[in-house]
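An overview of the molecular structure
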Amino acid sequence: MEKHFYRIFFIFVCFSVLLQPVTAKANQPEAVNGVLDLSDWSLEQDGIVALDGQWEFYWQELLTPQQFEQKTNNPEGALITVPRAWNSFEHNGKVLSGDGYATYRLLINTTTEEILGIKIPRIFTSYRLWANGELLAENGQTGIERSQALPQYLPKVKYINSANGSIELVLQVANFSHRSGGVLESLLIGNESQISELRIRNLALELFLFGSLFIIGFYHLALFSFRTKDKSTLYFGIYCLLIGFRTLLVGEIYFINLFPGFSWELAHKVQTLAYYLSVPLVFLFFKSVFPRDLSDKVHKAVQIIGLSFALLVILTPVRVFSIFNPFFQVFSLAVFLYIVYLLGLACYRRREGSLLISLGVGILILFAVNDIVFLSILVSDTDSHFLRSFVSRGNLSSWGLLIFAFTQSLFLARKFSGSFSKVEIMSEQLQNLNESLEEKVKARTHELETSRNELEEAYQAVSRLEKSRQHLVQNISHDLRTPLTSIQGYVSAILGGVVNEPQQQKKYLARVIDKVSSLNHMVQDLMELSQLESRQHSLHFTTVPVGLLTENIAEKQCFDLNAAKVNCHINYTGSWQENSYGEKLVSADMKQLDRVFSNLLGNAATHTPGDGRIDINFAITADHQLQVEIADTGPGIPQDDLPFIFERFYKVAKARQPSHKSSGLGLAIVKEIVEYHGGKIWAESEPDKGSSFFFTIPIHSGG
């Protein structure tokens, strides 16, 4: 069955790729010095051409075709590469910003005499376009001041007659509302049927995306309404609805086609919010799917940063928050890298559905990175960036989400299919059991009557076993009584009707499971402690240099503590160098010694305040012992408790009590491991002055 799922997924991805609209081909002519020569290019055979290359550029001038004709010589202008923003463009020794206005001009030489179509993308942020002196298209309102300019995005398709063999394009552009200004996407030219087909196909695909994502989004919200325990369907449904609505505001921007008077400012805010909110939503989804793998600290940071950027969009105009968009793009890339790591970890740990979800998310991330690069200042603010050869179009993230939604649907289908199969098997087993139940009851009754004596003997054996169990419980009852009493209280509350809300009952049962898990952990530790005490637990000793031991165990532990923001230091004290520690050897079980360090350092970290410090001190004593001291700056241990802290189940003062999940056997096990190595362990402490735990291991010279 699993192979069928991946075959379906592969077919769907291929289908999605085939649906991608084809625009201009590679190796096409480019404009040079404001002239694009298409005399050797057949639009019918070679296809659509992007009007890319060097356009004439007249900064801070809004010129019309008539003004070009009235001058015997063309106005003095520069050459700018299209597509690109005029941001960072150097003009007359001045580096331009996004605010301003300019005129673009391009001459197209062509031998065709048919009607041609021009596909005009969104231009930042208002424009007027003339072709051979006739006003061809306009969007928004151009002006030389912010009060005169009116921004708007609305891609258009217009048609011109090229009977005279040349086309003069004059394009006025003004921007006072966005961080970037100018022509950031390619204008396309082709014959009438090619451009019309491209426009219709783009609209059809975007509407298909919109409809698909909205249906998938509402479907997952419906699933959540029936099973509110699974929050992943809620987050995924909202994410699909957000990106689905954003699809109407990018590409062909069909929403503005329906409502031409809709506010450009509001549309841009909605489009950006959909992007900014999608990142924390994706993290919420993965937190609900892989809760044990995703770091709580990273999750909290992503939520705070994502919501902060979203708040910036709500409270500031486009010309302000668009300046910060590059920072959010960098943040998004960092989040994507962490998600890739998370999915790799989930696959390694073989979480349910991790491989199938990873396939969909991998494609989603690939497409999202494509969109980020396409809209980044690295591409838009430069004439020719090497990334342009890899990223030729944007707005692919919606397709990536559709593929991801398909893998999510496959995962749900697989999950439901497995559940139904189990139900069918159990139903069949119950049916077979019912059919033979009467015969089995008769047979069992006869056997019971004839084996009463055997049962009585078995009962006596069970009674003796029960007495043995009671004796064991009495030995450790002081630690078992409290969790057992809690379990009894939770169950009694449920059975007695005190807790009758289903959700509350689930919480009580979850607490019961937690208590049982703690008991199981304590029993396992107790068995291991008993084996260590009787030396039935075999240790694997190897001979290692003292320096290698400190490097492999202590420094690794200290590195982990520092990574967790705990101030840890390693010190080599006394006559360490004088004793040539590199030539000293110890016989040790590295795994068990690592456990000693982990336990002692874990206790020290637990009881050390945030501004405190943990020191690991190494020394070689006069009697050829490696002495290790782990010192913290915590609250310390009362003197009355020091002689008993290594005994099993001993509880010290509240300041040094273990967590509720501790079995109370950790220090007892550490003591047995150290003594198994031929060393000894002790502690020194004063209240409010920190604690120091010491242990020694015998050493001997090499050679």
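Residues numbered from 1 in each chain as written. Predicted model: local features only at pLDDT ≥ 70, side-chain atom pairs only at ≥ 80, totals over all residues. Heavy atoms only, no water.

Considering soluble globular proteins, one finds that nonpolar side chains tend to be buried as a cluster. Core analysis: the largest hydrophobic core is formed by 66 residues, its most contacted members being Phe286, Ile339, Ile357, Val361, Leu401 and Phe404. When residues in this core are grouped by element, the largest group, 11 residues, is from helix α7 (residues 264-289). The residues contacting Val361, other than those within four sequence positions of it, are Phe286, Ile339, Leu343 and Phe404. In this structure, Leu549, Ala554, Cys568 and Phe618 belong to the second largest nonpolar core, which totals 40 residues. (Core = buried A, V, L, I, M, F, W, Y, C linked by side-chain atoms within 4.5 Å. Buried < 20%, exposed > 50% of the residue type's maximum accessible area, 1.4 Å probe, protein only. Helix = DSSP H or I, 4+ residues; strand = E, 2+ residues; numbered from the N terminus. Contact = heavy atoms within 4.5 Å.)

Looking now at empty space enclosed by the protein. In this structure the tally under the stated criterion is 2 cavities of 30 Å³ or more. Size it by volume and the largest cavity reaches roughly 60 Å³. In this structure, the largest cavity is lined by Gln152, Tyr153, Leu249, Ile253, Ile256, Trp264, Ala267, His268 and Gln271. Counting residues per element, the lining of the largest cavity draws most heavily on α7, at 4 residues. Of the residues assigned to the lining of the largest cavity, the class counts are 6 nonpolar, 3 polar and no charged. Each pocket or cavity is described by its volume, and for the second largest cavity that value is around 30 Å³. Lining the second largest cavity are Tyr235, Phe236, Tyr239, Leu281, Val282, Phe285 and Phe404. At the level of elements, α5 (232-247) and α7 are the ones that each hand at least two residues to the lining of the second largest cavity. (1 Å grid on protein atoms, 1.4 Å probe; cavity = no way out; pocket = protein on both sides within 12 Å on 5 of 7 lines; lining within 4 Å. Points joined across faces, edges and corners; volume = space filled by probe spheres on them. Nonpolar A, V, L, I, M, F, W, Y, C, P; charged D, E, K, R; others polar.)

Turning to helix α18 (residues 546-563), a few remarks are in order. Its 18 residues give α18 an end-to-end C-alpha distance of 25 Å, which sits within 8% of 26 Å, the value for a rise of 1.5 Å per residue. Along α18, the sharpest kink reaches roughly 25 degrees, centred on Glu555. For α18, the full list of buried residues reads Val546, Gly547, Leu549, Thr550, Ile553, Ala554, Gln557, Cys558 and Leu561. On its buried side, α18 packs onto β16 (542-545), β17 (568-572), β18 (584-588), α19 (590-606), β19 (614-620) and β20 (625-632). (Expected span 1.5 Å × (residues − 1). Bend = angle between axes of the 7 residues up to and from the residue.)

Tracing the chain through its elements places Arg105 in strand β8 (residues 100-109). A polar contact is formed between the side chain of Arg105 and the side chain of Glu168, at a distance of 2.9 Å. (Polar contact = N/O pair within 3.5 Å; in protein donor to acceptor, adjacent residues only side chain to side chain.)

What follows deals with the sheet that holds strand β9 (residues 115-120). Sheet architecture is open: 4 strands sit in the order β2-β15-β9-β12, paired in antiparallel fashion. Looking at the sheet topology across the chains shown, the edges are occupied by β2 (49-50) and β12 (156-161). Two strands pair when backbone bridges link them, and β9 and strand β15 (residues 188-191) are joined in this way by 4 bridges, in the antiparallel orientation. In the sheet register, Lys119 faces β15, and the bridge partner there is Leu188. Relative to the sheet, helix α4 (residues 192-226) contacts β9, β12 and β15, its axis offset from that of β15 by approximately 120 degrees. (Pairing = 2+ DSSP bridges. Axes fitted to C-alpha atoms, helices over the stretch in contact; angles between N-to-C directions.)

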